[in-house]
Amino acid sequence: MTVYDYLCQIEGSKQLEEYFKLHIFCDGLKTSFRRYRYFLELLQKYPEESSFNLLLDTSIYFNVSEQTIYRDIAKMELVLFTQYRSDD
């Protein structure tokens with residue numbers, strides 16, 4: 001499970017904002033989550049467009065560098081843990 005998947009699960013339970021208010025997660029993670037989600041939405045909306053151009057669009061939209069978006073992507077795609085299935 002990636003960081004993004006985990007945050008989406010928490011968001012689905014309506015607790016994500018509470019976690020940020022209580023400083024369980026830092027505000028930087030929230031910002032990265034929003035930018036990564038925007039980037040994924042662009043990828044879905046414009047599948048024929050190159051991911052680099054969509055990354056540039058995201059960086060312009062949020063007024064940050066491309067390197068920041070690359071860091072957001074790396075942070076959100078970080079694997080927290082894998083789910084093992086036991087066939088016992």
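All of these numbers come straight from a predicted model, not from anything done at the bench.

Engineer: Account for the pattern of salt bridges, with residues named and values stated.
Structural biologist: When the charged atoms of two side chains lie near each other, side chains of opposite charge can form a pair. In this structure the tally under the stated criterion is three salt bridges. E11 serves as the salt-bridge partner of R37, at 2.7 Å between the closest nitrogen and oxygen. With R37 in helix α3 (residues 27-45) and E11 in helix α1 (residues 3-12), this pair connects stretches of sequence that are 26 residues apart. Residue classification places E11 among the partly exposed positions, given a relative accessible area of 30%. Linking R35 and D72 is a salt bridge whose minimum nitrogen-to-oxygen distance equals 2.5 Å. With R35 in helix α3 and D72 in helix α5 (residues 66-76), this residue pair connects regions lying 37 residues apart in the sequence. Comparing R35 with D72 shows no difference in burial state: the two are buried.

Engineer: An account of the packing of aromatic side chains is requested, with residue identities and associated values reported.
Structural biologist: Applying the stated criterion across every chain yields a total of seven aromatic pairs. Ring geometry for Y4 against Y36: centres 4.9 Å apart, planes inclined by 75°, an arrangement best described as edge-to-face. Taken together, the residues Y4 in helix α1 and Y36 in helix α3 connect sequence positions 32 residues apart. Note on accessibility: Y4 and Y36 belong to one class, buried. Centre to centre, the rings of Y19 and F25 are 5.5 Å apart; their planes meet at 65°, and the pair counts as edge-to-face.

Criteria and thresholds
Residues numbered from 1 in each chain as written. Predicted model: local features only at pLDDT ≥ 70, side-chain atom pairs only at ≥ 80, totals over all residues. Heavy atoms only, no water. Salt bridge = Lys/Arg side-chain N within 4 Å of Asp/Glu carboxyl O. Helix = DSSP H or I, 4+ residues; strand = E, 2+ residues; numbered from the N terminus. Buried < 20%, exposed > 50% of the residue type's maximum accessible area, 1.4 Å probe, protein only. Phe/Tyr/Trp six-rings, centres within 6.5 Å; stacked < 30°, edge-to-face > 60°.

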